[in-house]
Structure formats: C-alpha cells, structure tokens
Amino acid sequence: MSFSSGLAGLLRSRDALIMLVLTLGSLWTRLWKIGRRPNVTWDEAHFGKFGAYYINHTFYHDVHPPLAKMMVALAEVIAGHNGSFAFKSGKKYPEHVNYTMMRAQIALYGVALVPLAYLTCIQLRLSRPMAALAACFILFDNALCVMSRFILLDEPLLFFTALTLWSAACFQNENKHSAPYSRSWWKWLLMTGFSLGCVMSSKWVGFFCVLMVGIATAEDLFRKYCDLMPWREYVRHWGARIAALIAVPLVVYTICFWIHFSVLYKSGSGDFKMPANFQANLRGNQLNDQPYDISYGAFVDIRSVYNGPGLLHSHVHRYPSGSRLQQVTCFPHRDMNNVWQLHKAKGVAANYTLDPIEFVSDGDVIQLVHNETGATIRAAKTLLAPLTTSHFEVAAENITDANTELLTNWRIEVIRQKSARRGDKRVHAMTTVFRLRHVETGCLMRVGSTRLPSWGWRQSEVTCLPDSTKKKDVRSSDVLWFVEHNSNRRLVNDDLSKYVRSNFIVDMVHLNIEMGKTNNALSPDRDKYNQLESDPISWPLLLAPMRMVGWGDKSIKYYEIGNPILWWASAAACLVYPFRMLYWILRQQRKCSDWKSGELLEFWDNSKFLWGGWALHYLPFFLMGRVTYIHHYLPALYFALLQLAFDLDFFFKHWRRGRYLNLAAWGIGIVVGLVFLYFSPFTFGWSGPAKELAGRRWLKTWNIYEDLYSM
C-alpha cells in the first residue's frame, strides 16, 4: 500500500483482508462475556457516575478533562440510561441499566487499537507480516484487553493516542515523499492536530503525545533550516504547523470544555471548585437565590478575591501566642463557621429584627460578628500576626474578652461596583468588591498564600496590612473582598444571574487550575500498603499486577496482568534501543558504518515515534508525586509493543535476507496468542477460587491467590 493511496486504496488492497481478520479477533477478545460481572467494577464507580451527571446536567468536579467522560455519557445515553443509577462501587446493576451495552460501546475504542496498530506499522515501513504481528501484540495483551471491558476512560485515551501516532506517521511520509501543501499533506497535518486535541482532552497524560509530536516537528523544521530553505517558504512551514499543531488542538480542547459547561447547567457536587460568578449562574445553586442588596443584620459569607484562600472563617480554636483570642482565617470550603452577621459600628444601638431596614453602603463602619461563636473581628497595633510579623494580628473576641476600645470597627471601601444603577453606593452580593479598613489602626484586612501550621488547621492566615508597608491605597486582590452569599429573612430573594456574568475563558482556566490542584493532592501514603498502587519501576517488568475487584472464592475476579512475554520483551527492546542508536551513530562518525547512505536516518525517522512515545509516556511518572497504578503504563505499552515489532522486523529483514520473516511472524504470533489464552481467566473473569490458578503465578510478587502483605 503506497503512502498516498488513501482509504479507497486500502480497501482495494490485500491489507483489507488482514485488517478484517484482525478486527474480528479484536471484537472477540474485547466483547466476549463482557457483561459477565453484573456489578459496578473498579473505576466504573467514578466514570459511570460522571456519565450520569451529564444525563442529569449536574455540575461535578474531576481531575480529568471532559472528552472521554462525555464519551462515556454518550454510551450511557445510547444504552438508554436515564441517569438515575448512582454507580456505587460493587453494587449490582438494576435491570433498567443496560451495562453490557455501555461496556461494549467503550470496548469498541479498544477494538480499534488493533487495526490502527497495523496501519501505523505499514506507514512506518514494516513488512506486512510484522505489521500484522504488531497488531497481534495489541490483540493478545491481557492488560490492554481487560481494561477495555469496563466503563473506563483508558480506552478512549488509548484510541486517541493510537490515532495521533497513525496520523503523525502518515504526515511524516507525506512530508517526505509528497509535495508540501497538497490536499493530502494538509489532511494528515490537520488530522494530527485534531487527534492531539482529542487525546489531551481525554486525560492530561495526552500532553505527552503533544510533546512527542512537538519534538518531531522541531526536528523537521530544524532540518529544513539546515537545508537552506528560502525564508519565505520556511516561515510558511512554521505557520502551517502552528495553525495545525497548536491552534487546532487548543480549539478542540476549548470546545470540549464549552460543551462541558453548556451541558452541566445545574448545581452539583463540584460547584465549590468554581468562581462565585460561575456558581451564581448554575440552576439551583444557593448563590443564585439570595437578596441582591445587603442590609445590617444580614448573615453573609465573605470571599477573598485572591484565588485560593476562600471564605473568611473563624472557629473556637485560639492563637497560641499574641492575643490568644479566637483565630480568624480563610477556609476554601463552605462551612457554618464562614457565616458572619453585619452589625453597625460599636456603640451604635440597633435592633436588626424590628428597626427599619438599613442597607450597607460605601464608607459605612461595620462590625463582623461570627454567627457560630458570637465573637467579633478585631485588630490592634500592639499585636503582630503569628507568621507575617510585619502585619497586625486579626482575631475575634467574644463577650468574655471584650473591652471598651474601638478595635472591632471596620470601614467598607468600595473598589469596584458592577451595578447598572448610576451612582449606586450600596454594597451588593457578588457584584461589589471592597476593602475592609480597620478604623483604629488604618490597616487593611488581608489574606495571602501563607498557611498556618497544624494549630491553625493549615488554613490561610488573615492579617491586617499596616500603613508602614506604604500600600495604603493598594488594590491588589489580597486585600479585596466580596459578599458571596447574603441571607436576610426580611428581604426578598432575587435571581442573581440577572446581575452576575461569568467569562468562559476565565472559568475554563480556573477549572484547569483546580484540576491540577486536585491531581497533585492524590499523593500516596508511603506508610500504608495499598495493593492497588504500584511504582513506575515495577511496570515494564510486570512485578505488581492489580486485583480489580474483590477476591472472594465465589466472586467473579479480574486481574490486571499483561501478557508477560510481551511486557518483558518490549521492555528489553525499549531499554536497548538508545544504546543501539548510539553505537550506530558512533560507527557512522568513524566511517565504519554498515549503513548505506540515508538508511540510518530512515531507520531513525521510522522508529523515533515509537521509542520516543514510550519514553515520554513512561519516564515522567518517576517525577510525579501523585499515586500511580499499573494502568498508567498502558499508553507507554502501546508504543513499546510496536517498538518490539519494529525491532523484530528489522532483525528478520536482515537475517538470512528475510528468508524466515514470515515464519517468524507466524511463530511469534502463535506463542503470544497461547500465552494470552493461558492468562485469559484473569481477563474474561474467573469465578472459582483463586488458588486454582496458582500455577499461573510466574513471579513471587504476583498476588494471584494471596495478599503478600496481609497481617
């Protein structure tokens, strides 16, 4: 099949028959007995639930971008799910939930990996027998197979990873063998960009694909520069790649979040991770239904404009030094201790239930009284903050600590007013940004990134910024506040979505930052043994397969274990590859190379995506602090298996002039197929006691029938 023959040419070639056989085999391994276990299995509890959120239009928060989860939601919709099932771990699926069809739809992405592997290897100049063998490696790997049989994100991720590799290989051949800017050239360049957008919109690990293609693109542009290409033509090449490989993926990524926000328009469990303006536009959110004007006696939640610390907070715990009064902090989550009542200045008598309603305005002097403890926020020049000692301490004193000094009075200074009413000086919920200036000292209430130690529950330190800092007129976000929620029984609630608008780009960036924070918080506890977790060093050697379900004798058991022959051989191929390249490059430099002119460069071009994809999808996990599992190796494994086939093809093409290439492909394919069948009880589900499979324990570290670290 030629590089430019296209799909029509493919279907007319003998490759069509090979792909048909491979696809049928893939359908069998991925779909046979796929509905055997009628219970929510492993991470189906997460991703099935997320799919139901889309059906119910309920906003949620997760560490992954939305595309793969929206594909899960699509599978649920096609299967007729109404969103009522909550996917609780281990729970049996009710009759009205067609979980088999859901699983089958997700499995189709795994099915597609096999023909994609064949097409990719054809583009990388492998012989047809070895390209078919590479597809068989994907077909007969137990780990890739078992992960495709449940409602998970891994198969969409792997599908887009494989699609990116195929597209990049096709474009590389078009770029080398065809005229630039032709229709086919643009097709594969744009297809590569689209695939990159999809893979990074499925999981952030997809950015490793972006890096892989980016490095290859930089190398290609560097070669063009060294070939003294005319500047106008060179700039045009840069422009084409910027448009296709940067702009297109970003557009796809952005569109996925736009759909995500558009579908999830109801209040849900993930609201608190988003800006207040976004929350106020969610149907059913408490920020949407509240009085717009703020009056004395109202109960309010006050949020810092500075991103991260959260809501003004207090609790019964006291400072260990300084005033030893009640702590005042910022807390990122909603809590009863975030609620404050607005009082008039100290010494001004008022009855907030009987007196006429008075609204809070710019320049008013107020007191903030903690609703749960009755303590009032105060500051004093004589007391320094516990950590930021150049600032004054902000504390809360209750009736037993109170004194006659005017240390609890704060003046509201409006900085930004989003009200449509001209000359409006009232303080409004959500739309008025203000400073709180301490009347006695002139300092400004401030919160930054400093966290209190354990005695302050790791919450953000709130201080009062004094005049000595020469920032009396500062308008930075760390001294700015707004009322996020306002409650007053004497006022009628309003629909704040009339006054508050959120910016899509701001919301998308904010959500990605929160996703990163949540991802970084998934750190392992090294003092505890968790049989699900494993370290990256163990993955290529298959030292720590994972039990995906409970291991009772009567339960249907699934074990995430790869085909050992394939994992060990592919790991060896990837580890040896850089040393082989270094050896050949050195021999070429010493003019004693066996390669003909251009052959070594051709070898590099056809293999760099495979080894580079493996390295970029595997090595970064050694730098990550988050918890890791064996399925994190599967994208790297896909590249490693194709690298193994590439090396076998190279060897048998040059050994005895390729005389045994067909025989080797058939022989190796039969062996890996038999090993797959040998371990297939773990893949298709085993209902008997695990000890009956004790003979399949090839390594002592495999916890097939016993927990190695049980007490």
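Residues numbered from 1 in each chain as written. Predicted model: local features only at pLDDT ≥ 70, side-chain atom pairs only at ≥ 80, totals over all residues. Heavy atoms only, no water.

A. Looking closely at the overall build of the chain. The number of helices and strands found in the chain is 18 helices and 16 strands. Taking the principal axes of the C-alpha coordinates as reference, the chain spans close to 100 × 70 × 45 Å. Look at the contacts in the chain between residues 6 or more apart in sequence, and 74% of them connect residues 24 or more apart. If you sum the accessible surface of the chain, you get close to 31,500 Å²; carbon and sulfur atoms cover 60% of it. (Helix = DSSP H or I, 4+ residues; strand = E, 2+ residues; numbered from the N terminus. Contact = heavy atoms within 4.5 Å. Areas by Shrake-Rupley, 256 points an atom, 1.4 Å probe, with all protein chains shown as cover.)

B. View of the pairing of strand β10 (residues 432-438). Counted residue by residue, β10 has 7 buried out of 7 residues, so it is predominantly covered. Of the two faces of β10, the one holding T432, F434, L436 and H438 and the one holding V433, R435 and R437 are both buried throughout. Sheet topology places strand β9 (residues 410-417) next to β10; 7 bridges connect them, and they run antiparallel. Within the sheet, the bridge partner assigned to E413 lies in β10 and is R435. (Buried < 20%, exposed > 50% of the residue type's maximum accessible area, 1.4 Å probe, protein only. Pairing = 2+ DSSP bridges.)

C. Quick peek at the packing of helix α3 (residues 44-56) against helix α4 (residues 67-78). The N-to-C vectors of α3 and α4 enclose an angle of 75°; their axes lie 8 Å apart at closest approach. Here α3 is positioned roughly perpendicular relative to α4, judged by the angle of their axes. Contacts between α3 and α4 pair F47, G48, F50, G51, A52, Y54 and I55 from the former with K69, M70, V72, A73, E76 and V77 from the latter. Within the contact of α3 with α4, the residues separate by chemical class into 9 nonpolar, 2 polar and 2 charged. (Axes fitted to C-alpha atoms, helices over the stretch in contact; angles between N-to-C directions. Parallel < 35°, antiparallel > 145°, perpendicular 65-115°, else oblique. Nonpolar A, V, L, I, M, F, W, Y, C, P; charged D, E, K, R; others polar.)

D. Fine view of the environment of H46. Mapped onto the elements, H46 comes out in helix α3. Distance from H46 to S323, taken between C-alpha atoms, is 47 Å for residues 277 residues apart in sequence.

E. Helix α10 (residues 207-226), seen in detail. Here α10 spans 28 Å end to end across 20 residues, near enough to the 28 Å set by a 1.5 Å rise per residue. Turning to α10, its buried residues are F208, C209, M212, V213, A216, T217, D220, L221 and K224. Buried-residue contacts for α10 involve α8 (154-177), α9 (183-200), α11 (231-263), α15 (599-618) and α16 (634-654). Phi turns positive, to about 60°, at L228, one or two residues after α10. (Expected span 1.5 Å × (residues − 1).)

F. Region of the structure containing helix α6 (residues 128-139). Taking 1.5 Å per residue, 12 residues should reach 16 Å; α6 reaches 16 Å between its end C-alpha atoms and fits that length. Looking only at α6, the buried set comprises R128, M130, A131, A132, L133, A134, A135, C136, F137, I138 and L139. Lining the buried residues of α6 we find α2 (15-31), α5 (99-123), α7 (142-147), α14 (564-589), α16 and α17 (661-678).

G. Broad picture of the pairing of strand β2 (residues 299-304). β2 sits mainly inside the fold: 5 of its 6 residues count as buried. Bridge count for β2 against strand β5 (residues 339-344) is 3 bridges, and the pairing is antiparallel. Bridge pairing in β5 places F299 opposite Q341. Across 6 bridges, β2 lies against strand β13 (residues 481-487) in antiparallel orientation. By the bridge assignment, S304 is partnered in β13 with W481.

H. Broad picture of the state of the cysteines. Counted according to the given criterion, the structure contains 1 disulfide. Disulfide pairing places C443 opposite C464 at an S-S distance of 2.0 Å. In this structure the cystine formed by C443 and C464 twists about its S-S bond by roughly 90°; its chirality is therefore right-handed. Highlighted residues: C443 in the loop between β10 and β11 (444-451) and C464 in strand β12 (residues 460-465), separated in sequence by 21 residues. Neither residue differs from the other here; C443 and C464 are each classed as buried. Note on C198: no disulfide assigned, nearest cysteine sulfur contributed by C256 at a separation of 6.4 Å. Here C198 falls in the buried class, since its relative accessible area comes to 5%. Counting only cysteine sulfurs, C198 is the nearest neighbor of C209, a cysteine outside any disulfide, at a range of 11 Å. Residue C209 is classed as buried on the basis of its relative accessible area, which comes to 0%. (Disulfide = S-S within 2.5 Å.)

I. Here's a closer look at the pattern of salt bridges. Under the definition given, this model contains 25 salt bridges. Between D62 and K69 there is a salt bridge whose closest N-O contact spans 3.0 Å. Judged by relative accessible area, which is 13%, D62 ranks as buried. Residue classification places K69 among the buried positions, given a relative accessible area of 2%. Bridged by salt links that share partners, the residues R125, K176, E219, R223, E602, D605 and K608 form one connected network. (Salt bridge = Lys/Arg side-chain N within 4 Å of Asp/Glu carboxyl O.)

J. Structural context of the packing of α11 against helix α13 (residues 504-520). Where α11 contacts α13, the axes come no closer than 11 Å and their chain directions differ by 95°. Taken together, the axes of α11 and α13 are roughly perpendicular relative to one another. Contact residues: α11 offers Y253, T254, F257, W258, H260 and F261, while α13 offers F504, D507, M508, L511, N512 and M515. Class assignment for the residues of the contact of α11 with α13 results in 8 nonpolar, 3 polar and 1 charged.

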